[in-house]
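# Structural characterization, general
Each chain, written out:
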Amino acid sequence: MANNKLRIIPLGGLGEVGKNMMVYEWGEHILIVDTGMMFPENDMLGIDYIIPDFQYLLDKKERVCGIVITHGHEDHIGAIHHVLEQIKAPIYATPLTMGLLENKLSRGGLINKVQLNTVQAGDSAQVGPFTVEFFHVCHSIPDGVGLGIFTPVGLVIHSGDYKFDHTPVDNWPTDYARLAEFQGKGVLALLADSTNSTRSGWTASERVLDSGFREVFRTAPGRIIIASFASLISRMQQVGNAAFEHRRKLTFVGASMVENARIARRLGFLDFPEDLVVPLDQALKMSPREVVIMCTGTQGEPTSIMGRLSTGTNRQFDLIAGDTVVLSSHPIPGNEESVYRTINRLFRRGANVIYESIAPVHVSGHASQEEMKLLLHLVQPKFFIPIHGELHHLHQHAAIARQVGMPEDHIAVVENGQVIELDEQEMVLAERVPGGYVFVDGAGVGDIGPSVVREREELARDGFVLVNIKVDRNTCRLVDEPGIVTRGFIFARNGDDLFASTSQLITNAINCGTGNVQSDLEETIRSYLFNKTRRRPMVFVTVSTV
Ligand SMILES: [Zn+2]
Ligand SMILES: [Zn+2]
């Protein structure tokens, strides 16, 4: 292993949107940036969420000098307790991010076992051989930072999630001056957010939402119910402002939303008049015209408040005539179908639904192409590594870097697990390390692999067939007709003929002695059923001897 080179090891977020985790390694010293989680794709049945595979670090636990978190979104903090259970390194984060982290860690009982260092944008921290300088960036959550990491081979800029919003909700723009200063010092490498690299132009300012919300508040005849992410703190501020202006009271619903609002308010990142926020039960007693409800469930998750409202199964309150529902969000790729299904259901239940494609009720928190070019010009890196995005986002970001004049061989488009080695002169690709998925399902972490998910897919697609056979111990012949039970395969009443012929097939196989091996028999039944139905159910055979 090279020890005069900086090693950059992406463990998550490169080749996907979510579960961001980056490792910087110098000799015996390791710095981790972000520990995010990701929600499963539609075909990952039953999986609660996914965390990075960080087995690369498990035999180097004592060498980790620190974990730096750029901001409080789940795709940057969501795996923190999984990482800390293995690696007890000090954490560095700004006040709001730390507040959200503390809340997570207190639930897992880890809070007293690690050292928490709260830093401010503009501060520096010495983490092993790395001097990490935190600079403020705008994003859809306040108190986000990018990092200037001074390493023995040079300065590396890690953008975090950012946009160049000149009129952010908290009036705190991205720290352009610091970025320009970095350029003055000479930047060896830039690692920058690629999420919106396929969007031309500039990302709109959060401010454009003010007019969108104003219109909603002006025209809504009854209650206003706004769904957003629990971590979109700036959105809460904007809804609060609109509510105050239009003499409505605001109430938060859902544990994560209530909790995050409380933390942000306590730390001064939400500025509301004293009596603006009321508890839900009070809001439900007020006139509909005096109320705004904020909740989660923008992605059509069936168990979220919005999901339950759409199916009439919410416990505390239901939709009523005159409700206006606002989805202040953008569907995460892959969720479009369930989002639109939820919107249709909400309409069916009588709500007027307003969403991104019909009104300015959401803007992205990520830089678009022109901002990406500005960042490249501001810091003028020698080398460039696009991060945060699916492979096509990373390639598009690389194309943007070439457009502004970066030579092709100074850009590395890599996915999770590909180690990059860097010194003053060159950037080379080194070995690959594990960088895949770790599934979290119920209480299990990593005990479910792709093969279990594949089985679930098969079960979901064509169901299963269970065959019970009783065999005489001495003659090895069937003593009874095979019992056949199916679920999710074929409607039983329509299957009489099929099951009769399947039963005959099994009887022949057993009595002729060709079906003695259970797995062979299962395969025989499976291909027989496939020939008859063009479906491939899972087949289980149980044999008892009498
Ligand atoms: Zn973010
Ligand atoms: Zn992110």
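Below: a short report on this structure. Since this is a predicted model, take the numbers as computed values, not measurements. (Residues numbered from 1 in each chain as written. Chains lettered and ligands numbered in written order. Predicted model: local features only at pLDDT ≥ 70, side-chain atom pairs only at ≥ 80, totals over all residues. Heavy atoms only, no water.)

## Quick look at the sheet that holds strand β7 (residues 116-118)
Where we set the bar: Any two strands with at least two DSSP-identified bridges between them are counted as paired. Strands here are runs of E lasting at least two residues and helices are runs of H or I lasting at least four, both read from the DSSP assignment and numbered beginning at the N terminus. Only the stretch in contact is used when fitting a helix axis, every axis being a line fitted to C-alpha atoms; angles between N-to-C directions are given from 0 to 180 degrees. Contact between two residues is taken to exist if any of their heavy atoms lie within 4.5 Å; hydrogens are not considered.
Read across the sheet, eight strands follow the order β7-β6-β5-β3-β2-β1-β19-β20 without closing on themselves; strand pairing throughout is mixed. The open sheet has two edge strands, β7 and β20 (427-432), and neither has a second partner. Each strand of the sheet is rotated relative to its neighbour by a mean of 25°, with strand direction disregarded. Where strand β1 (residues 6-12) and strand β19 (residues 418-422) come together, three bridges link them in antiparallel fashion. When the bridges of β19 are listed, R7 appears paired with E421. Contacts from helix α3 (residues 95-108) reach β6 (91-93) and β7 within the one sheet, and its direction differs from that of β6 by about 135°.

## Some details on the coordination of the zinc ion (ligand 2)
To keep things clear, this is the line we draw: Excluding water, the donors of a metal are its N, O and S neighbours within 2.8 Å, or within 3.2 Å for Na, K and Ca, and that exclusion means sites may look incomplete. Partly exposed residues are those whose accessible area sits between 20% and 50% of the maximum for their type, while under 20% is buried and over 50% is exposed, using a 1.4 Å probe and protein chains only.
Of the protein atoms, only D75 (OD), H76 (NE2) and D161 (OD) coordinate the zinc ion (ligand 2), at distances of 2.1 to 2.2 Å. Of note, the zinc ion (ligand 2) draws all its donor residues from one chain, in the sequence arrangement D-H-x84-D. The distance between the zinc ion (ligand 2) and the zinc ion (ligand 1) comes to 3.3 Å, and D161 binds to both of them. Of the two residues, H76 is situated in helix α1 (residues 74-77) and D161 in the loop between β11 (154-158) and α4 (176-185); the sequence distance between them amounts to 85 residues. One exposure class covers both H76 and D161, and it is buried.

## Here's the deal with the nonpolar core
Filter applied, for reference: Only buried Ala, Val, Leu, Ile, Met, Phe, Trp, Tyr and Cys residues count toward a nonpolar core, and they belong to the same one when joined by side-chain atoms within 4.5 Å.
Membership of the largest hydrophobic core comes to 64 residues, with the highest contact counts inside it found for L57 and F217. Setting aside its immediate chain neighbours within four residues, F217 contacts I224, I226, V239, A242, A243, H246, R248 and V292. Residues C65, V119, A125 and I149 belong to the second largest nonpolar core, which totals 34 residues.

## Things to note about helix α13 (residues 450-462)
Quick reminder of the rule: Take the residue count of a helix, subtract one, and multiply by 1.5 Å to get its expected span.
Along its 13 residues, α13 runs 18 Å from first to last C-alpha, staying within 8% of the 18 Å computed at 1.5 Å per residue. Following α13 by one or two positions, G463 has its phi on the positive side, about 70°.

## Observations regarding the packing of helix α5 (residues 208-219) against helix α6 (residues 233-245)
Rule in force here: Here roughly perpendicular refers to angles of 65 to 115 degrees, roughly parallel to angles under 35, roughly antiparallel to angles over 145, and oblique to all remaining angles. Take the far helix as the reference: if the near one is turned anticlockwise from it by less than a right angle, the crossing is left-handed, and if turned clockwise, right-handed. Think of it as three bins: nonpolar holds Ala, Val, Leu, Ile, Met, Phe, Trp, Tyr, Cys and Pro, charged holds Asp, Glu, Lys and Arg, and polar takes everything else, Gly as well.
Running from N to C, α5 and α6 cross one another at 45°; their axes reach a closest spacing of 10 Å. Looking at the two axes, α5 sits oblique to α6. In the packing of α5 onto α6, the handedness of the crossing is right-handed. The residues of α6 that touch α5, namely those facing L209, D210, F213, R214 and F217, are R235, Q238, V239, A242, A243 and E245. Its residues assigned to classes, the contact of α5 with α6 comprises six nonpolar, one polar and four charged.

## Brief notes about the sheet that holds strand β4 (residues 49-52)
Strand order in the open sheet made by the three strands is β4-β21-β22, with antiparallel pairing throughout. Both edges of this open sheet fall to β4 and β22 (444-445), since each of them pairs with a single strand only. Bridge count between strand β21 (residues 437-441) and β22: two bridges; the pairing is antiparallel. By the bridge assignment for β22, D441 is matched with G444.

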